[in-house]
Amino acid sequence: GVSHGGAGDDLDLPSSLIVILDMDRRAWAKSVAAGGPSAPDVTESLLVFIRAFFLLHGGNQVTVIAAHPGGGEILYQSPRAIGGSAPEGAGKE
C-alpha cells in the first residue's frame, strides 16, 4: 500500500534543492526602484532558507546556480555524502 507519513515510516529520505538566482543587474535595479528587495537582501534570506533545508535532513543536497546575461555558473554544490552515489544520470555529458 501507499504510506502517507505515519509513525515508523521510512519516508524521511534526503532531498535535493536547486536554486537558480537571476543575476541580471538591470532586473535587480528595477526591483529596488519599485520598492522590492535588493540582491544582497534576497541572498541573505536565501542563506537562511538553505540552512533550514539542511537542518531538515542531514543528507539534503543543495546546488546554487547564478544565471546572468553571459551564461551561468555553479556558485555552490553540496559535497556528496561519504559512500553516497550520484543520482542516476548525474555526471553524464
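Going by the structure above, here's the rest.
What counts, and at which threshold
- Residues numbered from 1 in each chain as written.
- Predicted model: local features only at pLDDT ≥ 70, side-chain atom pairs only at ≥ 80, totals over all residues.
- Heavy atoms only, no water.
- Helix = DSSP H or I, 4+ residues; strand = E, 2+ residues; numbered from the N terminus.
- Buried < 20%, exposed > 50% of the residue type's maximum accessible area, 1.4 Å probe, protein only.
- Pairing = 2+ DSSP bridges.
- Axes fitted to C-alpha atoms, helices over the stretch in contact; angles between N-to-C directions.
- Expected span 1.5 Å × (residues − 1).
- Arc of directions from axis to C-beta.
- Contact = heavy atoms within 4.5 Å.

> How should the environment of Gly72 be read in this particular structure?
With respect to the helices and strands, Gly72 occurs in strand E3 (residues 71–77). Judged by its relative accessible area of 54%, Gly72 falls in the exposed class. For the pair Gly72 and Ile20, spaced 52 residues apart in the sequence, the C-alpha separation amounts to 9.1 Å.

> It is not clear to me how the sheet that holds strand E2 (residues 61–68) should be interpreted in this structure. Could you clarify?
Pairing between sheet strands relies on hydrogen bonds along the backbone, with the strands arranged either parallel or antiparallel. Strand order in the open sheet made by the 3 strands is E1-E2-E3, with mixed pairing throughout. Edge positions in the sheet fall to strand E1 (16–22) and E3, since each has one partner strand and no second. On average, each strand axis in the sheet is inclined to that of its neighbour by 20°, with strand direction left out of account. Bridge analysis of E2 against E3 gives 6 bridges, and the strand direction is antiparallel.

> Just to check I follow, could you spell out the pairing of E1 for this structure?
Along a regular strand, successive side chains alternate from one face of the sheet to the other. Along E1, the buried face is formed by Leu17, Val19 and Leu21; none of Ser16, Ile18, Ile20 and Asp22, which line the opposite face, is buried. Alignment of E1 against E2, held across 7 bridges, turns out to be parallel. Residue pairing for E2: Leu21 is matched across the bridge by Ala66.

> Would you mind going over helix H2 (residues 39–56) with me for this structure?
Because an α-helix packs 3.6 residues into every turn, residues spaced three or four apart end up facing the same way. Taking 1.5 Å per residue as the helical rise, H2 with its 18 residues ought to reach 26 Å, and the 26 Å between its terminal C-alpha atoms agrees with that figure. When H2 is considered as a whole, its buried residues turn out to be Ala39, Leu46, Ile50 and Phe53. Buried residues in H2, looked at end-on, bunch into an arc of 55°, giving them a common side. Exposed and oriented more than 90 degrees from the buried face of H2 are Pro40, Glu44, Ser45, Val48, Arg51 and Leu55. Looking at the packing, one finds that the buried side of H2 touches E1, helix H1 (25–33) and E2.

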